[in-house]
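The lines below spell out each chain.
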Amino acid sequence: MPFVERVFSGVQPTGNLHLGNYLGAIVNFVKMQETHNCIYCVVDMHAITQGVDVWGGPVELARNTREVTAAFIAAGIDPKKHIVFNQSQVSGHAELAWIFNCVARMGWLGRMTQFKEKAGKDRENASVGLFDYPVLMAADILLYRATHVPVGEDQKQHLELSRDIAQKFNNDFGDSIRAQGTNDGLFFPLPEPLITGPATRVMSLRDGTKKMSKSDASDNSRINLTDDADTIAQKIRKAKTDPEPLPTEEKGLEARPEADNLVGIFAALSGRSKADVLREFGNGQFSSFKNALAELCVTKLAPIAGEMKRLVADPGHIDAILNEGSDRARAIADETMKLSKDIVGFIRRR
Ligand code: TRP
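Nothing here was measured: the structure is a model prediction, and the numbers come from that model. (Residues numbered from 1 in each chain as written. Predicted model: local features only at pLDDT ≥ 70, side-chain atom pairs only at ≥ 80, totals over all residues. Heavy atoms only, no water.)

**Student:** Help me understand the site of the ligand in this model?
**Tutor:** If you check the shell around the ligand, you find 13 residues, and the closest are Ser9, Tyr133, Met137, Asp140 and Gln155. At 2.7 Å from a nitrogen atom of the ligand is found a side-chain nitrogen or oxygen belonging to aspartate 140. Here a nitrogen atom of the ligand and a side-chain polar atom of glutamine 155 are 2.9 Å apart. Contact with the protein chains covers 90% of the free accessible surface of the ligand, which is 370 Å². Elements supplying a minimum of two residues to the shell around the ligand: β1 (6-11) and α8 (128-142). No other element matches the four residues that α8 contributes to the shell around the ligand. (Near = heavy atom within 4 Å. Polar contact = N/O pair within 3.5 Å; in protein donor to acceptor, adjacent residues only side chain to side chain. Areas by Shrake-Rupley, 256 points an atom, 1.4 Å probe, with all protein chains shown as cover. Helix = DSSP H or I, 4+ residues; strand = E, 2+ residues; numbered from the N terminus.)

**Student:** How should the side chain of histidine 158 be read in this particular structure?
**Tutor:** Following the sequence through the fold, histidine 158 ends up in helix α9 (residues 156-172). Residue classification places histidine 158 among the buried residues on the basis of a relative accessible area of 2%. Non-local contacts of histidine 158, meaning those with residues more than four positions away in its chain, are made with Met112, Gln114, Tyr133, Pro134 and Met137. (Buried < 20%, exposed > 50% of the residue type's maximum accessible area, 1.4 Å probe, protein only. Contact = heavy atoms within 4.5 Å.)

**Student:** Help me understand the pattern of salt bridges, please; the structure alone is not making it clear to me.
**Tutor:** Two side chains with opposite charge may pair up if their charged atoms get near one another. Overall, the coordinates contain 25 salt bridges when judged by the stated rule. The salt bridge partner of lysine 235 is aspartate 219, with a shortest N-O separation of 2.9 Å. Here lysine 235, found in helix α11 (residues 229-238), pairs with aspartate 219, found in the loop between β5 (192-194) and α11; they are 16 residues apart in sequence, far enough to count as distant. In this structure lysine 235 comes out as buried when scored by relative accessible area, which is 2%. Accessibility expressed as a relative area gives 33% for aspartate 219, which makes it partly exposed. Where salt bridges share partners, they join Asp219, Arg222, Asp227 and Lys235 into one cluster. (Salt bridge = Lys/Arg side-chain N within 4 Å of Asp/Glu carboxyl O.)

Dropping the structure here:
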């Protein structure tokens with residue numbers, strides 16, 4: 001029996017959401033609602049895997065969790081038709097992660113580039129949670145037996161690990177799964193990444209070779225989802241460019257990372273191809289392209305910022321959405337946990 005198609009994805013509540021998060025992930029989340037049942041999770045348990053200096057402490061964490069929830073809704077995710085909740089409200093995430101800890105191998109996790117990057121040189125001082133981060137991520141997805149996972153390019157390796165964990169679990173417990181009569185010995189689906197955003201890599205506005213990042217020291221390097229119209233326009237006008245006019249064809253963007261990035265942002269926000277954008281703006285002055293881009297960014301993003309502001313002003317309303325979402329998530333999660341425990345041989349309370 002094939003698995004029912006289901007979408008799951010998560011966003012960490014660690015600091016500013018920016019245009020990169022929006023175009024690389026959230027726009028896709030919105031789109032997937034038309035064709036799938038979707039579960040969108042604010043992964044607060046992932047958020048605490050780095051030092052408290054990074055995630056900001058309890059007050060910041062709660063604030064950021066509500067802000068990401070607000071961003072989901074402001075961007076067009078419907079929490080009535082789909083599920084929006086925060087991870088820590090459903091205990092199955094941690095429970096399934098433990099079982100997966102005993103399926104995943106040290107060698108697999110040791111190869112994860114995100115761990116290597118985030119841990120830096122001082123690995124001895126990284127938290128165990130940071131090392132284990134991809135296992136919790138696999139648990140997030142497989143707790144709902146989700147089949148499709150819209151993510152940014154940087155999460156591809158973690159999705160491969162999720163597939164390896166699902167496959168090893170299915171193998172290791174194959175006899176038990178068959179004995180339970182579950183889906184021909186296939187208990188967990190092998191989830192597929194969907195890396196199809198209009199702009200899967202949005203680069204810094206100050207350096208076209210670096211990814212747009214919430215941790216860049218310069219706020220001018222990114223457009224935050226909470227920036228107001230004036231700030232957005234100013235950041236675009238200040239964005240780094242080179243002295244050449246825009247090319248008329250896409251090939252002309254090679255080796256011009258800043259120009260390529262701005263054209264990519266324009267294309268993504270307008271739903272056009274880069275080639276099409278260059279047909280309109282190629283050979284023209286960079287400043288007139290920037291004006292058009294600033295206007296486009298403001299038209300698309302300022303309403304989202306406004307709606308987020310309105311939503312976070314009423315935390316009670318956001319908390320009610322998270323409560324309701326987590327109740328619906330838990331109903332699915334509990335079923336998976338029940339079956340998983342039977343498969344592993346854990347005696348459940350009956
Ligand atoms: N690791 C993801 C990121 O940093 C966030 C995440 C956690 C996630 N759990 C997930 C994404 C499950 C997709 C599915 O972007």
